[in-house]
Amino acid sequence: MAKRTKTQRENPFIQKVTHQRWLLPLASLLLFLGIWQLLYVVLNLPPFILPSPAMVWTKFLEVLKNGIWWHNISYTLFELSLGLFFGSVIASVLGYILSKTPVLEKLLSPFLVGSQSVPVVAIAPLIIIWFGPGLFSKVLICALTVFFPVLVNVLVGIRQVSQDLRELMDSFNASKWEILRYLEIPASLPVLLGGLRVGATLSVIGAIVGELVGSDRGLGYLINLGRGQYDTALVFVAVFSLILLAASLYSIVLFLERRALKWQTWQEI
Amino acid sequence: MAKRTKTQRENPFIQKVTHQRWLLPLASLLLFLGIWQLLYVVLNLPPFILPSPAMVWTKFLEVLKNGIWWHNISYTLFELSLGLFFGSVIASVLGYILSKTPVLEKLLSPFLVGSQSVPVVAIAPLIIIWFGPGLFSKVLICALTVFFPVLVNVLVGIRQVSQDLRELMDSFNASKWEILRYLEIPASLPVLLGGLRVGATLSVIGAIVGELVGSDRGLGYLINLGRGQYDTALVFVAVFSLILLAASLYSIVLFLERRALKWQTWQEI
Amino acid sequence: MNSSPEDSLVVRDLKVSFQEKDGMLQVLENVCFSLHKNAFACLIGPSGSGKSTLLRTLAGLIPYESGSIEFPEIHGRKPRTGLVFQKANLMPWRTLAENIALPLELANTPREEIDQKVNEMVELTGLQGFETSWPHELSGGMAQRVAIARSLVQDPDILFLDEPFGSLDELTRERMSEELLRIWDEKRKTILMVTHSISEAVFLADRVLVLSGFPQGIVLDLPIDLPRPRDEHLRFISEFVQAAATLHEHLKI
Amino acid sequence: MNSSPEDSLVVRDLKVSFQEKDGMLQVLENVCFSLHKNAFACLIGPSGSGKSTLLRTLAGLIPYESGSIEFPEIHGRKPRTGLVFQKANLMPWRTLAENIALPLELANTPREEIDQKVNEMVELTGLQGFETSWPHELSGGMAQRVAIARSLVQDPDILFLDEPFGSLDELTRERMSEELLRIWDEKRKTILMVTHSISEAVFLADRVLVLSGFPQGIVLDLPIDLPRPRDEHLRFISEFVQAAATLHEHLKI
Amino acid sequence: KSESNGKLEEITFNLTYIPNIQFAPIYVSIEKGFFAEEGLEIKLAYGNEADMVALVGSNHQQFMVASGEQILLSREQGLPVLSVAAWYKDYPVGVAALKESGISQPADLVGKEIGLPGLYGANYIGMEALAAQTGLGKNDYKLVSIGFTQVESLVGGTVDAVVVYLANEPVQLRARGYEINVLAVKDYIELVGNCLVSNETTVENDPELVGKMVRAFRKGLEYTAANPEEAWTISLKYVDNLTEEVAPIQKEVLKESISNWQVLPETKEEQDLRWTNMMNLLIKIGMMKNQLNIEDVYTNEFLP
Ligand SMILES: Nc1ncnc2c1ncn2[C@@H]1O[C@H](COP(=O)(O)OP(=O)(O)OP(=O)(O)O)[C@@H](O)[C@H]1O
Ligand SMILES: Nc1ncnc2c1ncn2[C@@H]1O[C@H](COP(=O)(O)OP(=O)(O)OP(=O)(O)O)[C@@H](O)[C@H]1O
Ligand SMILES: [Mg+2]
Ligand SMILES: [Mg+2]
């Protein structure tokens, strides 16, 4: 029979590059800063249109020191966590139910699609009248944004589950709940996490949109403030904070993927 | 051996309900209108906050007759088609390339995630300066919106392709192009079309966002106009037109799914 | 056919067909037979005659159009059934050991007991050292052995096996069938096994059922009255050869 | 071992191992053999000994660590190889006929020729009436026959078969092996076939290779000098029984 | 230098927001040929105020309409924009409340929730000006960010009062039968309103062009004030959806707007006062840090 030994075959350089996770993102960051500085110098646009990296950095230190940054980002983070949580949980549950009852899917899908194509500003009055101008509306908008990609990927993911394995579970007389837990969740996880990747990224925009429409706290408010005061560096600080949030969420999902899909990693070349 | 006959087993009522595609959406529509009318009567809000279905219908007929509706929806449709087309094509191509070169994926993913979390209003001046206030900016914003869900699902879909079938193609000495055409595309189609479902729906919002920021044509303009004039019925007409656009796109993708995934339909219960 | 108190499975006039895009595919009709407790029956028949379909129907995975399937109670409770599929049907996200443990986890068995039983099964099927391998890292025969282990670990009363030794080499096959016989004998199970090898059927079973394609059903129900335990030299005695020849004859129909 | 102009495959000192999460899994070492043109060789060995791995390596699907694999030219061109996998490996989105047509489509064969060749193959494998069935609607044996048809349709010079008849009933199996022999004889192919049945190996092959697990490699290379065409009564002559016994002996090592 | 050799010079004119009846003077100038008389052909563009100020400030474009405080705010950030002609007399913002709420003077706002789009922009500045001028302290009232939903929020009872544009929301509310009280900022302090804006480069290098723009613009302004009915008819070509139900209200909006315009230019002293007041206010509420030279932020040299 075959024999297992502990030797390693991989090229140590490639290994280093691919295994040290911070190396490549760092490279991208430097690349980006380089391009930005170049644009700043070459285009020679006034700073209120395109500030230099250094200006933005100075501004960042300033708002960091006077607490404005934390005051606002923490609020957005809070909205966004709630929105992401409720949006993806409800989407998953609903997606599961719909995948089991195609008739319901057909009945509801016009509403679901509709809910995705209504711009918030258009129904802002209704939202504010019904749910008030506070936290709830913003969380709702964020949750709505997250909702759809997760829902669709749950639907697609569950449909993908191998019929043979369904029969296997049936042969053990597994209950619906057991089928969900032991078969459907693990089998659709790759697609599901793909939906979460998109959803997590969109959730940031979702949280911001509500703030842009009307809010006195959060990164969206900071953007409005910066724009209102022609303080473009502040706008940039807020935008980069957003990107940071989105990238962190994305990385968390990627990390989950890597952990959950160990059995699939062999397919990576 | 087994024998094939032409009999049908399905319950004719269920069959009618599930096969006549317009029946269920129609039911949802009626349901929706009913709820709306009920809200209108019960809440008794002034019409500039919540108009009745009849008012919105009258408004629709009016803008249909004087040509405003067509003038604006056609423009949005045009933007959106371009955005959807370029967004999904570029995302698919890039997704394919990234799925083949994980190092590149790691290098680029911060940018890609970043591109998704920047609210348009925040970088509107840059977009307008670089691309002008016209059509191109709007198509660009729309394409950006479509881009990400399609990209992620291409990545996930291609990773899902069965390794056994890859070996089969290799055993025929198939070229990369042949593997793409005969294996990767059909095998990842379910997930890919899932991404397109989300992308198509989002594209509508994408097209509108640009118009809302500033434009004198399109459904986004119509929304601004209606809000500016406190003509809420007009806002509703525009919003329903958006939903109609989104639902049509969604249906087209669903139709494609049904055609392309005939082999999978047996899994529908 | 009347059910006797000794029966553990009674099938009457079973009819099964599949809905396909262009109509119905009739697969089984007129299938009648019963298995008494502690029966070891083999099912043979041409490829596509409906053997797997019959087993899947018995295991409750496919609805039947008409007829009846009865499982009389054993020790005053509904009997547990187990099915080994024709494909290995492993979960790609579970390691070898986790795949074997699946039915125990479903039955809420305590962790320790699971570990112990899984270990037993790994040894029985000769898979030591591969407990943490993923299914895609296993050879065809190893995967099939995992599938067998998975069905045995839950100790079912009635075991349906669909060509379980299909991709095992002859030695492993012999070892596995010996084990199966031992378990059957020891635990008094009812076994219905599909095989494509006539000699394997005669060698192992008390009875061999021959399933012919639609619409014939079971065309032969041949009792095999060879002494047990059976060993290799039996293959050359005349009853064995006779039975094999009869089966061969009936398969050709 | 020196390669002769008559060889169509020469393997020297082949070494293959898999990268797994906790180190390397050594599977093949010291594998040396060559097949001459028009050879029909069978490969047997215990489950997990590396038979499938060897075939997949020969077909170019797995990189090898050291050693060499050579395919001398045939008619002045690189020989075409074909591989039948141990699993049927059908594309679920292609109908039965489209699955068989795949290699022809890859070779840009004109549509008419494809249709005609596919029809031939469907008949050969007895799958008439199921041309438009999806793979999930086929029985295990039917799927395996589709896989065989798919490999034969492209008319390769060297054919690697991994337990192609594993899930076929005895009659279909006989018919398919006869067909294989006919094609081999007619078209002068080189065939290397993995089987788990010693008697099938002796019955079909010119040579039987016995592969033992790591690190032994090919432990026996037994020529079978039985006359052709072979028929059933051969199974009872002493050379046959002798060869089978030798193989049985070597498998046990 | 622009030359009037029969061919018209094409100029982009930026209007904030969307086509609107309040832009009637510009539509009139185009349709009546006042721009063409000066050798100009106007291309209208609509968009966000801040974006447009940036475009004009960077001399990507030359002319726009903007609120006075935007000039101060953007100048502090280094955008060389300036007002070349005043349009509105006063700051066009006020606080509106339903009559039944009993709010009829600034002191009544104590302890109330006041809705406004956000803590930035003209509404916010107007509110702060009103509060500062009438001695209301930061903690006397509560500002609630409600986006541009003032009318709905007031009617729906979400807030007690809302900050509004005098020419718009009050008209809308009254037209729908709501009785309201409006506390107009202009009644308490004189601040600059909307202006025609250009940038320093254009003013220095092409004063002739600026003169032409101002002349044509003012002609339209005067003509509209004198002939509101005709101006209305002309605007129909530019503003969509002026239907039977919307039209009367929008006519009212136009009327209200006209009453706020500087059809006759004010004196330099009056203007200096408005700009200085605005600058001091912005500094007081922390939106500006440094004093600017008032001479730089506007010029009357192109006025008649
Ligand atoms: N992709 C893989 N990754 C890691 N290990 C593998 C992989 N494929 C096979 N192996 C290991 O290689 C060894 C040989 O496998 P192989 O499939 O070649 O056996 P085999 O001789 O074909 O057995 P069988 O008769 O059961 O099919 C086994 O121990 C198996 O676990
Ligand atoms: N899910 C299905 N949908 C439609 N037809 C099916 C399905 N499963 C099996 N069939 C058809 O039913 C018939 C019997 O199939 P079955 O798998 O029972 O044969 P089998 O006797 O097990 O054959 P083998 O020995 O080849 O495994 C075949 O004609 C097959 O095409
Ligand atoms: Mg079968
Ligand atoms: Mg194998």
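Residues numbered from 1 in each chain as written. Chains lettered and ligands numbered in written order. Predicted model: local features only at pLDDT ≥ 70, side-chain atom pairs only at ≥ 80, totals over all residues. Heavy atoms only, no water.

When helices and strands are counted, chain C shows seven helices and nine strands. The C-alpha atoms of chain C give a radius of gyration of 18 Å, which matches the 18 Å a tight globule of 253 residues would have. In terms of overall dimensions, chain C has a C-alpha envelope of 50 × 45 × 40 Å along the principal axes. The long-range fraction of contacts in chain C, counting pairs at least 24 apart against all pairs at least 6 apart in sequence, stands at 69%. Surface exposure of chain C reaches about 9900 Å², of which carbon and sulfur atoms provide 50%. (Helix = DSSP H or I, 4+ residues; strand = E, 2+ residues; numbered from the N terminus. Rg over C-alpha atoms; globule rule 2.2 N^0.38 Å. Contact = heavy atoms within 4.5 Å. Areas by Shrake-Rupley, 256 points an atom, 1.4 Å probe, with all protein chains shown as cover.)

With that settled, the discussion passes to the arrangement of the chains. By contact count, the leading pair among the eight pairs of chains in contact is chains A and B. There is no contact between chain D and chain E; across them, the least C-alpha separation is 51 Å.

Here we come to the pattern of salt bridges. Applying the stated criterion across every chain yields a total of 61 salt bridges over all chains. Note that K100(A) is salt-bridged to E184(A), the shortest N-O span being 2.5 Å. Residue K100(A) is located in helix α4 (residues 68–100), and its partner E184(A) is located in helix α9 (residues 176–213); the two are separated by 84 residues in the primary sequence. Classification of E184(A) as buried rests on a relative accessible area of 1%. Here E113(C) ties to K117(C) by a salt bridge, and the two come within 3.6 Å at their closest N and O atoms. Of the two residues, E113(C) and K117(C) are both situated in helix α3 (residues 111–124); the distance of four residues between them amounts to about one turn of the helix. (Salt bridge = Lys/Arg side-chain N within 4 Å of Asp/Glu carboxyl O. Buried < 20%, exposed > 50% of the residue type's maximum accessible area, 1.4 Å probe, protein only.)

With that out of the way, let us pick up the interface of chain A and chain B. Chain A puts 70 residues into the contact, and the matching count from chain B is 70 residues. Of all residues in chain A, K106(A), S117(A) and R159(A) give up the largest surface area on contact with chain B, accounting jointly for 10% of the area buried on that side. Connecting chain A to chain B are four salt bridges. A salt bridge links E105(B) to R197(A); the shortest N-O distance between them is 3.9 Å. When contributions to the side of chain A that touches chain B are tallied by element, the ones reaching two or more residues are α2 (23–43), α5 (102–117), α6 (120–131), α7 (135–160), α9, α10 (219–228) and α11 (232–260) of chain A. Across the side of chain A that touches chain B, the residue classes break down as 48 nonpolar, 13 polar and nine charged. (Buried area = accessible area lost by both parts, 1.4 Å probe. Nonpolar A, V, L, I, M, F, W, Y, C, P; charged D, E, K, R; others polar.)

What follows is about the nonpolar core. Residues F33(C), F40(C), L192(C), F33(D), F40(D), L192(D) and L109(E) are the most contacted members of the largest nonpolar core, which totals 399 residues. At 16 residues, the largest contribution of residues to this core is made by helix α9 (residues 176–213) of chain B. For L109(E), the residues in contact, after removing those within four places along its chain, are V95(E), I103(E), I114(E), M127(E), L130(E), L136(E), D140(E), Y141(E), A161(E) and L183(E). If you look at the next biggest cluster of nonpolar residues, it comprises 47 residues, including I11(E), V65(E), L82(E) and I249(E). (Core = buried A, V, L, I, M, F, W, Y, C linked by side-chain atoms within 4.5 Å.)

Looking now at the coordination of the magnesium ion (ligand 3). Residue and element names in this part refer to chain C. Coordination of the magnesium ion (ligand 3) by the protein involves S52 (OG) and Q86 (OE1), with metal-donor separations of 1.8 to 2.1 Å. Of this pair, S52 sits in helix α1 (residues 51–58) while Q86 sits in the loop between β5 (81–84) and α2 (96–106), and the two are 34 residues apart along the sequence. Each member of the pair, S52 as well as Q86, is classed as buried. (Donors = N, O, S within 2.8 Å, 3.2 Å for Na, K, Ca; no water.)

All names here are of chain B. Contact pair helix α7 (residues 135–160) / α9: the axes reach a minimum separation of 7 Å and the direction vectors enclose 160°. What the angle tells us is that α7 and α9 run roughly antiparallel. You can see that α7 and α9 cross each other, and the crossing is right-handed. A per-class count over the contact of α7 with α9 returns 15 nonpolar, 11 polar and three charged. (Axes fitted to C-alpha atoms, helices over the stretch in contact; angles between N-to-C directions. Parallel < 35°, antiparallel > 145°, perpendicular 65-115°, else oblique. Left-handed = near helix turned anticlockwise from the far one by under 90°.)

Taken together, the neighbourhood of ligand 1 is formed by 24 residues, with E137(C), G141(C), K51(D), S52(D) and T53(D) sitting nearest. Contact between ligand 1 and T53(D): an oxygen atom at 2.4 Å from a side-chain N or O atom of the residue. Between ligand 1 and the protein, one listed contact pairs an oxygen atom with a side-chain N or O atom of Q86(D) at 2.9 Å. Here ligand 1 has 640 Å² of accessible area as a free molecule, and 95% of this is covered by the chains. Counting only elements with at least two residues in the shell around ligand 1, the list comes to α4 (140–153) of chain C together with β1 (7–20), β2 (23–36) and α1 (51–58) of chain D. Broken down by element, the residue count for the shell around ligand 1 peaks at four residues, all from α1(D). (Near = heavy atom within 4 Å. Polar contact = N/O pair within 3.5 Å; in protein donor to acceptor, adjacent residues only side chain to side chain.)

Moving on, we get to the interface of chain C and chain A. If you look at the interface, chain C gives 24 residues, while chain A gives 20 residues. Buried area between chain C and chain A, both sides added, is near 2100 Å², and the carbon and sulfur share of it is 66%. Summed over the shared surface of chain C and chain A, the result is two salt bridges. Here R56(C) makes a salt bridge to E167(A), at a shortest N to O gap of 2.7 Å. At the level of elements, β5 and α2 of chain C are the ones that each hand at least two residues to the side of chain C that touches chain A. Here the side of chain C that touches chain A is composed, by residue class, of 12 nonpolar, seven polar and five charged.

Another aspect to go through is the domain arrangement of chain C. Residues and elements named next belong to chain C. Per the domain assignment, the segments making up chain C are domain 1 (1–80 + 158–169 + 182–253) and domain 2 (83–155). The centre of domain 1, based on its C-alpha atoms, is set 25 Å off from the matching centre of domain 2. Overall, the association of domain 1 and domain 2 removes approximately 1400 Å² of surface from exposure, summing both partners, and the carbon and sulfur fraction of that is 57%. In this assembly, domain 1 and domain 2 are joined by one salt bridge. Of the charged contacts, one joins K189 and D155 as a salt bridge, the two residues approaching to 2.5 Å between their closest N and O atoms. Our count for the domain 1 to domain 2 interface comes out at eight residue pairs in polar contact (both at pLDDT 80 or more). Among the elements of the structure, α1, β6 (158–162) and α5 (170–187) are those that each provide at least two residues to the side of domain 1 that touches domain 2. For the side of domain 1 that touches domain 2, the leading source of residues is β6, giving four residues. Across the side of domain 1 that touches domain 2, the residue classes tally to 10 nonpolar, three polar and seven charged. (Domains from an automatic or database assignment.)

A word on a nonpolar patch on the surface. On the surface, L31(A), I35(A), L38(A), L39(A), V41(A), V42(A), L43(A), W130(B), F131(B) and F136(B) cluster together to form a nonpolar patch covering roughly 940 Å² of accessible area. Counting only elements with at least two residues in the nonpolar patch, the list comes to α2 of chain A together with α6 (120–131) of chain B. If you tally residues by element for the nonpolar patch, the top one is α2(A), at seven residues. Take L31(A): it is sitting in helix α2. (Patch = residues over 30% accessible without salt bridge, like charges linked within 9 Å, V, L, I, M, F, W, Y side chains within 5 Å.)

Within the structure, ligand 2 sits among 24 residues, and S52(C), T53(C), E137(D), S139(D) and G141(D) are positioned closest to it. Nearby residues place ligand 2 at the junction of chains B, C and D. For ligand 2, an oxygen atom lies 2.8 Å from a polar atom in the backbone of G48(C). One of the backbone nitrogen or oxygen atoms of E137(D) is found 2.6 Å away from an oxygen atom of ligand 2.

Further remarks concern the pairing of strand β6 (residues 113–116) of chain E. Residues and elements named next belong to chain E. Of the strand pairs in this sheet, β6 and strand β7 (residues 142–145) are connected by four bridges, and their pairing is parallel. Residue G115 lies in a different strand from β7, and its bridge partner there is V144. At this point the chain moves from β6, through helix α5 (residues 121–133), to the parallel β7, and the crossover so formed is right-handed. As defined by bridge partners, β6 adjoins strand β8 (residues 161–165) across two bridges and the pair is classed as parallel. By the bridge assignment for β8, I114 is matched with A161. (Pairing = 2+ DSSP bridges. Right-handed = clockwise from strand over helix to strand, strands pointing away.)

Before going further, it helps to spend a moment on the side chain of K138(A). All names here are of chain A. With respect to the helices, strands and loops of the structure, K138 is situated in helix α7. Although K138 lies buried, it forms no salt bridge, and the closest oppositely charged side chain, E79, sits 5.6 Å away as judged by the N-O distance. In terms of polar contacts, K138 uses its side chain to reach the backbone carbonyl oxygen of P133, at 2.9 Å. (Lys, Arg positive; Asp, Glu negative; His and termini not counted.)

All names here are of chain E. Read from one edge of the open sheet, five strands run β2-β1-β3-β10-β4, paired in mixed fashion. The two strands at the open ends of the sheet, each matched to only one other strand, are β2 (40–47) and β4 (81–86). Shown here is a sheet whose adjacent strand axes are inclined to one another by a mean of 35°, direction ignored. Bridge count for β4 against strand β10 (residues 194–199) is five bridges, and the pairing is antiparallel. Paired with V81 across the two strands is N199, which belongs to β10.

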